[in-house]
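Understanding the architecture of this molecule
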Amino acid sequence: MLDRIAPIIFVFLWSTGWVVAKYAAIHSEPFTFLAVRYALSALAFLSLCLAMRAAWPGRAVAFKAVYSGMFLHGFYLGGLWWAIANGVPAGISGIIAALQPLLTAMAAPLLVGERLHGVQRLGLLLGFLGIAIAISPKLFDPATADLAHAAVPLAINLIAMCSVTYGTLYQKKHLQTGNLLPIATLQYVGALIVTVPLMLSFERMHFDGSAQAVAALIWSVFGLSMGGVGLLLYLIRRGQVSRAASLIYLMPPTVALEAFIAFGEPLTLPLILGTIVVVTGVYLTNRPVKVPPQDAKELQRA
């Protein structure tokens, strides 16, 4: 049952991160907000570990968990939030985020020995095409026409996308066993190792403590860091990393629907058509594929 509903819950939880980022940017500097979020998330997971008496990994696995957290959370969200705060339009950032499943699919055979079949490759391509259709009006918006001033933030956004791709593949290759609760705790320690120096070096640690800021922080910790990230780690462990990454395609359309409900932002025809293409692509990527006996033997040898 959890295997069936986990992707749906993950998409909903993960998509709310864009809405939270919009609120948080008004009330706090990005690295400061993320540092507080990571610290509280680490404490929350630690409390769960103690309450459930979870078995902690050995030193080698613990180091790998901290290392993976630096890329999955620290460099990824730090780069993404900083880029948006410094001029990268949401539409362009969405296109960059949509590159992750394709990059994951290309790197997975080299790093973790995963191979996608023809239908799954078609699904990934359809997903990217659907994203391009859905956000095409934003790409032609006059406000996004001149991106020369955002060259450095764009580069940081690209690096952040590569970071989460690498972190996801590293998670799949090196952290397939062990209790996920201690691993998640240590990953947020890794995120703090990246974020705290950035906060101390570039920010004044502004957090206004308003009700909106506190609400965004609470949801970030329990909805995103515990719920969303926990489900992502579960999905990576239970299936192909490329299939788990393909769910990222569903984020921009889901965020648009949430923005329509919360802020009254219109649902455009390209968004509706693009969403249909995205859903089709994600379905093809995640549909079980029968592996011929000969191919199965080759995969076992690999």
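Residues numbered from 1 in each chain as written. Predicted model: local features only at pLDDT ≥ 70, side-chain atom pairs only at ≥ 80, totals over all residues. Heavy atoms only, no water.

1. Considerations on the overall build of the protein
- Summing up its helical and strand segments, the protein has 13 helices and zero strands in all.
- Secondary structure elements of the protein occur, N-terminal to C-terminal, as α-α-α-α-α-α-α-α-α-α-α-α-α.
- Looking at the 302 residues of the protein, the share that counts as buried comes to 48%.
- Pairs at least 24 residues apart make up 91% of the contacts formed inside the protein by residues separated by at least 6 positions. (Helix = DSSP H or I, 4+ residues; strand = E, 2+ residues; numbered from the N terminus. Buried < 20%, exposed > 50% of the residue type's maximum accessible area, 1.4 Å probe, protein only. Contact = heavy atoms within 4.5 Å.)

2. Side note on the confidence of the model for the protein
- Per-residue confidence for the protein averages 79 on the pLDDT scale, and 74% of its residues sit at or above 70.
- Below pLDDT 50 for its whole length, residues 293-302 participates in five contacts with residues either more than four positions away or in separate chains. (pLDDT = per-residue confidence, 0-100.)

3. What about unusual backbone geometry?
- If you check the backbone angles, R53 has positive phi at about 50° while not being a glycine.
- Within the secondary structure layout, R53 lies in the loop between α2 (30-52) and α3 (59-85).
- A relative accessible area of 78% means that R53 is categorised as exposed.
- Backbone geometry places M205, a non-glycine residue, at a positive phi of 60°.
- Within the element layout of this structure, M205 appears in the loop between α8 (180-202) and α9 (211-238).

4. Quick word on the packing of α3 against α8
- The contact between α3 and α8 brings their axes to 6 Å, and the two run at 55°. Taken together, the axis directions place α3 and α8 in an arrangement best described as oblique. Two packed elements cross with a definite hand, and for α3 against α8 that hand is right-handed. Side by side, α3 and α8 meet where A62, A65, V66, S68, G69, M70, L72, H73, G74 and F75 of the first sit next to I183, L186, Q187, Y188, G190, A191, I193, V194 and T195 of the second.
- When the residues that make up the contact of α3 with α8 are grouped by side-chain class, the tally is 12 nonpolar, seven polar and no charged. (Axes fitted to C-alpha atoms, helices over the stretch in contact; angles between N-to-C directions. Parallel < 35°, antiparallel > 145°, perpendicular 65-115°, else oblique. Left-handed = near helix turned anticlockwise from the far one by under 90°. Nonpolar A, V, L, I, M, F, W, Y, C, P; charged D, E, K, R; others polar.)

5. Some thoughts on α8
- Counted at 1.5 Å a residue, the expected span for α8 with its 23 residues is 33 Å, and the 33 Å between its end C-alpha atoms agrees.
- The sharpest bend along α8 measures roughly 25° and falls at L192.
- Regarding α8, its N-cap is N179, as a side-chain oxygen of that residue lies 2.9 Å from the backbone nitrogen of L181 further along. (Expected span 1.5 Å × (residues − 1). Bend = angle between axes of the 7 residues up to and from the residue. Polar contact = N/O pair within 3.5 Å; in protein donor to acceptor, adjacent residues only side chain to side chain.)

6. Observations concerning the packing of aromatic side chains
- Scanning the model with the defined rule gives 11 aromatic pairs in all.
- When the ring of F33 is compared with that of W81, the centres are 5.4 Å apart and the planes differ by 25°; the resulting orientation is stacked. With F33 in helix α2 and W81 in helix α3, this pair connects stretches of sequence that are 48 residues apart. The exposure classification of F33 matches that of W81, with both residues buried.
- Among the aromatic residues, those joined into a cluster by ring pairs are F63, Y67, F71, F75, Y166 and Y170. (Phe/Tyr/Trp six-rings, centres within 6.5 Å; stacked < 30°, edge-to-face > 60°.)

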